[in-house]
Amino acid sequence: MAVERVDPELVEFDVRTDEMLINMGPQHPSTHGVLRLVLRTDGEVVSSVVPHIGYLHRCAEKIGENVSPRQWIPYTDRMDYLAGMNMNLGWAMTVEKLMGLEVSEKTRHVRVMVCELNRIASHLVAAGTYGLDLGSFTPFLYCFREREKILNLFEAVCGARLTYSYIVPGGLIADLPPGWLEACERCLSELEAVVPELHAVLTSNEIFIRRTAGVGVLSPEMAIDYGCSGPVLRGSGVKWDLRRDGQPSVAGMYEDYRFEVIAQAGGSYPRDQEYPPVPPAAVLGDCWHRFYVRMLEVVQSIGLVRQAMEKYRRSADAVSEPIKITQKLPRGEAYLETEAPKGQMGFLVIGDGTAIPWRVRARSSSFCNLSVLPEISRGCLLADIPAILGSLDIVLGEIDR
Amino acid sequence: MEIGLILDRLKQQFGERIVGADLEAADPWIEIAPTALAEVARLLRDDPALRFDYLHCITGVDYVQPDAKKAKNFPWEVHFELLYHLSSMAHGHRLVLRVALPRWQGGVEGQLPEVRTVSDVWRTADWHEREVYDLSGVRFAGHPDLRRILCPEDWEGHPLRKDYKMAEEYHGIRTR
């Protein structure tokens with residue numbers, strides 16, 4: 001009996017797949033630090049993601065209960081080590097709130113200046129490494145070249161390139177050095193020229209759009225429910241920025257500055273006429289939008305630094321002196337959140353009448369932003385995980401504290 | 001909504017389970033009984049006039065002075081406290097919710113105090129409660145996945161308790 005032979009290339013048969021557990025990290029380069037993700041996958045499709053954190057836990061809060069507020073400033077530097085100035089600012093303002101201190105006008109403008117510069121530096125790292133995650137190496141070099149110039153400015157201000165300890169409770173450790181404003185203006189104008197290049201290689205790049213548009217969509221309701229903040233929240237179309245909506249001392253810091261919260265409202269961004277338009281494939285709340293918010297914030301921060309330089313030149317008073325290391329804290333508690341580049345960074349301090357706080361707490365923005373990852377990456381492809389994670393822009397030093 | 005009106009609204013609903021309040025503090029707070037936590041949380045989120053949709057942070061604070069010499073001047077009563085920092089994006093008001101707990105359940109050393117979870121009200125609480133459990137040692141009843149989050153799973157003790165003593169050794173590694 002002749003057997004009918006079927007060409008195996010023509011036969012359709014089920015490819016059986018098994019569920020597989022994949023361990024990504026803690027040394028995986030696209031986890032941006034020591035984060036471990038346990039992925040449950042079926043073929044290429046990810047059915048669940050479980051983040052494991054704590055590899056960088058350094059007991060920052062416990063240390064804070066054993067040193068005075070000024071001595072804790074260097075520990076805040078090491079939380080979000082890409083935005084040390086903003087971490088210093090958050091802690092300094094919390095202690096000032098507890099003690100009822102106010103800083104001089106000049107101090108305020110210097111703080112705005114260095115914090116916005118640090119925001120630019122942090123967003124540049126976010127954009128550069130995001131390019132790396134998605135397989136494009138060039139933008140990384142562009143971003144780090146520009147960031148280097150900002151770090152040079154910080155080195156001139158306080159001697160450090162990464163861990164500044166420049167903003168301290170009560171004021172600043174020093175005024176700006178002579179000639180700094182001119183150097184800063186040069187840096188800003190060079191940076192301005194690079195932004196369109198970055199938009200060309202990333203924002204409006206066809207491959208970049210395909211990798212990010214419509215991926216990892218985070219709805220505004222879910223973003224608020226999970227406590228997301230910063231560009232992750234604004235990328236979902238929520239107009240919320242503590243520089244405008246924060247507690248009186250935080251919003252007061254920016255009260256005479258002109259800026260608009262960068263978020264899509266009514267179908268358009270405040271600045272998207274001058275920059276690449278939103279591609280048709282992008283959905284509000286996806287990776288592309290989170291990235292776009294950061295890029296527009298870079299431009300916004302350049303404007304804010306310029307305004308601050310102008311105000312700094314016009315302010316006649318001196319820079320405020322920091323509090324003493326042994327300064328006694330009043331009994332009471334104060335909680336304050338500031339708008340750091342990655343989101344709302346909160347500090348809590350409880351004083352018991354001595355120089356050492358009774359309790360110190362750091363509320364990390366990246367911690368909350370990361371907690372939404374299992375929710376937005378359910379059912380995506382394996383290759384989308386780095387894209388989603390990169391768009392959240394987390395820093396493990398701040399998550400693990 | 002004025003913080004005084006919020007307090008009135010809560011008092012009207014929960015009566016004696018609203019234990020105390022300080023509306024003049026830098027961060028105005030309202031203290032509630034541990035048994036009322038889940039209901040108060042739900043009301044705060046769902047009432048259209050309150051709409052506390054954003055939970056910023058949960059903090060555990062341990063009030064005890066283990067040093068006998070300093071304990072004489074200790075300004076607080078010995079207890080444990082949870083702070084919930086809330087705000088409303090819709091209305092722009094803020095509130096701190098306090099819950100006082102015993103340091104140990106039933107006064108038995110080693111028995112962690114327990115309170116109802118709010119992770120079903122605000123998802124932020126999921127990870128924050130895990131952190132408080134891990135570092136401060138509070139059990140959250142009804143939490144979907146109460147594991148340690150920052151310390152290793154087999155870590156002993158809760159480091160942010162004031163009487164915490166670190167073990168001499170961890171997996172054969174000297175700790176001090």
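Only a predicted model underlies this, so the values are computations on that prediction, with no experimental measurement involved. (Residues numbered from 1 in each chain as written. Chains lettered and ligands numbered in written order. Predicted model: local features only at pLDDT ≥ 70, side-chain atom pairs only at ≥ 80, totals over all residues. Heavy atoms only, no water.)

**Regarding the overall build of chain A**
And step 1. When you go through chain A residue by residue, the secondary structure sums to 16 helices and eight strands.
And step 2. Over its C-alpha trace chain A gives a radius of gyration of 23 Å, about what one expects of a compact globule, namely 21 Å for 401 residues.
And step 3. Counting only C-alpha atoms, chain A reaches 105 × 45 × 35 Å along its principal axes.
And step 4. Counting over 401 residues, chain A shows a buried share of 60%. (Helix = DSSP H or I, 4+ residues; strand = E, 2+ residues; numbered from the N terminus. Rg over C-alpha atoms; globule rule 2.2 N^0.38 Å. Buried < 20%, exposed > 50% of the residue type's maximum accessible area, 1.4 Å probe, protein only.)

**Section: the packing of helix 4 (residues 105-133) of chain A against helix 12 (residues 287-314) of chain A**
All names here are of chain A.
And step 1. Their axes nearest at 8 Å, the elements helix 4 and helix 12 cross at an angle of 155°. Classified by the angle their axes make, helix 4 and helix 12 are roughly antiparallel. Here helix 4 and helix 12 pass one another in a crossing that is left-handed. (Axes fitted to C-alpha atoms, helices over the stretch in contact; angles between N-to-C directions. Parallel < 35°, antiparallel > 145°, perpendicular 65-115°, else oblique. Left-handed = near helix turned anticlockwise from the far one by under 90°.)

**Observations concerning the confidence of the model for chain B**
And step 1. Per-residue confidence for chain B gives a mean pLDDT of 88; residues scoring 70 or more make up 100%.
And step 2. If you check the scores for this complex, the pTM reads 0.88 and the ipTM reads 0.88. (pLDDT = per-residue confidence, 0-100.)

**Overview of the sheet that holds strand 3 (residues 45-52) of chain A**
Residue and element names in this part refer to chain A.
And step 1. In space, the three strands of this open sheet follow the order 1-2-3, with antiparallel pairing throughout. The open sheet has two free edges, formed respectively by strand 1 (19-24) and strand 3, since each of these has just one partner strand. Taking each pair of neighbouring strands and ignoring which way they run, the sheet shows an average axis angle of 20°.
And step 2. Pairing geometry for strand 1 and strand 2 (residues 36-42), over six bridges, is antiparallel. For Met24, the partnering residue across the bridge sits in strand 2 and is Leu37.
And step 3. Across the sheet, helix 15 (residues 384-392) lies against strand 1, strand 2 and strand 3, angled at about 145° from strand 2, the strand it touches most. (Pairing = 2+ DSSP bridges. Contact = heavy atoms within 4.5 Å.)

**Topic: the side chain of Gln247 of chain A**
And step 1. Among the secondary structure elements, Gln247 of chain A is positioned in the loop between helix 10 (242-245) and helix 11 (248-253).
And step 2. Residue Gln247 of chain A is classed as buried on the basis of its relative accessible area of 10%.
And step 3. Here the side chain of Gln247 of chain A touches Lys97 of chain A through a polar contact of 2.7 Å, side chain to side chain.
And step 4. For Gln247 of chain A, the side chain forms a polar contact with the main-chain oxygen of Tyr335 of chain A, separated by 3.2 Å.
And step 5. Those residues in contact with Gln247 of chain A that sit more than four places away from it in its chain are Lys97, Tyr335 and Leu336 of chain A together with Asp27 and Arg94 of chain B. (Polar contact = N/O pair within 3.5 Å; in protein donor to acceptor, adjacent residues only side chain to side chain.)

**Comments concerning helix 6 (residues 180-203) of chain A**
Residues and elements named next belong to chain A.
And step 1. With 24 residues, helix 6 ought to run about 34 Å at 1.5 Å a step, and its terminal C-alpha atoms sit 32 Å apart, in line with that.
And step 2. In helix 6, a bend of some 25° at Val194 exceeds every other bend along the element, and Pro196, a proline, comes one to four places later.
And step 3. Among the structural elements, helix 4, helix 5 (138-158), helix 7 (206-212) and helix 12 are those in contact with the buried residues of helix 6. (Expected span 1.5 Å × (residues − 1). Bend = angle between axes of the 7 residues up to and from the residue.)

**Let's talk about the packing of aromatic side chains**
All names here are of chain A.
And step 1. Per the stated rule, a full pass over the model turns up 20 aromatic pairs over all chains.
And step 2. Measuring from ring centre to ring centre gives 4.8 Å for Trp72 and Trp91, while their planes differ by 75°; the resulting arrangement is edge-to-face. Taken together, the residues span a long stretch of sequence, with Trp72 in helix 2 (residues 69-77) and Trp91 in helix 3 (residues 84-99) at a distance of 19 residues.
And step 3. Aromatic pair Tyr130 and Phe208: ring centres 5.8 Å apart, planes at 90°, arrangement edge-to-face. Here Phe208 lies in helix 7 and Tyr130 lies in helix 4, a separation of 78 residues in the sequence. (Phe/Tyr/Trp six-rings, centres within 6.5 Å; stacked < 30°, edge-to-face > 60°.)

**Focus on the packing of helix 4 of chain A against helix 5 of chain A**
Residues and elements named next belong to chain A.
And step 1. Between helix 4 and helix 5, the least distance of the axes is 8 Å, while the angle of their chain directions is 160°. The orientation of helix 4 with respect to helix 5, classified from their angle, is roughly antiparallel. Remark: the crossing between helix 4 and helix 5 carries left-handed chirality. Between helix 4, through Val114, Leu117, Asn118, Ile120, Ala121, Leu124, Val125, Ala127, Gly128, Thr129 and Leu132, and helix 5, the contact on the second element is made entirely by Pro139, Phe140, Cys143, Phe144, Glu146, Arg147, Ile150, Leu153 and Phe154.
And step 2. Classifying every residue of the contact of helix 4 with helix 5 gives 15 nonpolar, three polar and two charged. (Nonpolar A, V, L, I, M, F, W, Y, C, P; charged D, E, K, R; others polar.)

**Topic: the interface of chain B and chain A**
And step 1. With 41 residues of chain B at the contact, the number on the chain A side is 42 residues.
And step 2. Counting each side, the surface lost to burial between chain B and chain A is near 3,600 Å², with a carbon and sulfur contribution of 58%.
And step 3. When the buried surface of chain B facing chain A is broken down by residue, Met89, Trp127 and Leu150 of chain B rank first, second and third, together holding 20% of it.
And step 4. There are six salt bridges connecting chain B and chain A. (Buried area = accessible area lost by both parts, 1.4 Å probe. Salt bridge = Lys/Arg side-chain N within 4 Å of Asp/Glu carboxyl O.)

**A few points about the nonpolar core**
Residues and elements named next belong to chain A.
And step 1. Grouped together as the largest cluster of nonpolar side chains are 109 residues, with contacts concentrated most on Leu117 and Tyr166.
And step 2. A total of 15 residues in this core trace back to one element, the largest contributor, which is helix 12.
And step 3. Sequence-distant contacts of Leu117, defined by excluding residues within four places in its chain, comprise Ile150, Leu153, Phe154, Trp180, Cys184, Leu188 and Val305. (Core = buried A, V, L, I, M, F, W, Y, C linked by side-chain atoms within 4.5 Å.)

**Structural notes on the pattern of salt bridges**
And step 1. Tallied over the entire structure, the rule returns 44 salt bridges over all chains.
And step 2. Among the ionic pairs, Arg161 of chain A bridges to Glu148 of chain A, the shortest N-O distance being 2.6 Å. Of this pair, Arg161 of chain A sits in the loop between helix 5 and strand 4 (167-168) while Glu148 of chain A sits in helix 5, placing them 13 residues apart in sequence.
And step 3. The class for Glu148 of chain A is partly exposed, based on a relative accessible area of 35%.
And step 4. Between Arg363 of chain A and Glu337 of chain A there is a salt bridge, with its nearest N and O atoms 3.6 Å apart. Taken as a pair, Arg363 of chain A in strand 8 (residues 359-363) and Glu337 of chain A in strand 6 (residues 332-340) lie far apart in primary sequence, 26 residues in all. In this structure, Arg363 of chain A and Glu337 of chain A share a single accessibility class: buried.
And step 5. A cluster of three or more residues bridged by salt bridges with shared partners is formed by Glu61, Glu65, Arg359, Arg361 and Arg401 of chain A together with Glu131 and Lys162 of chain B.

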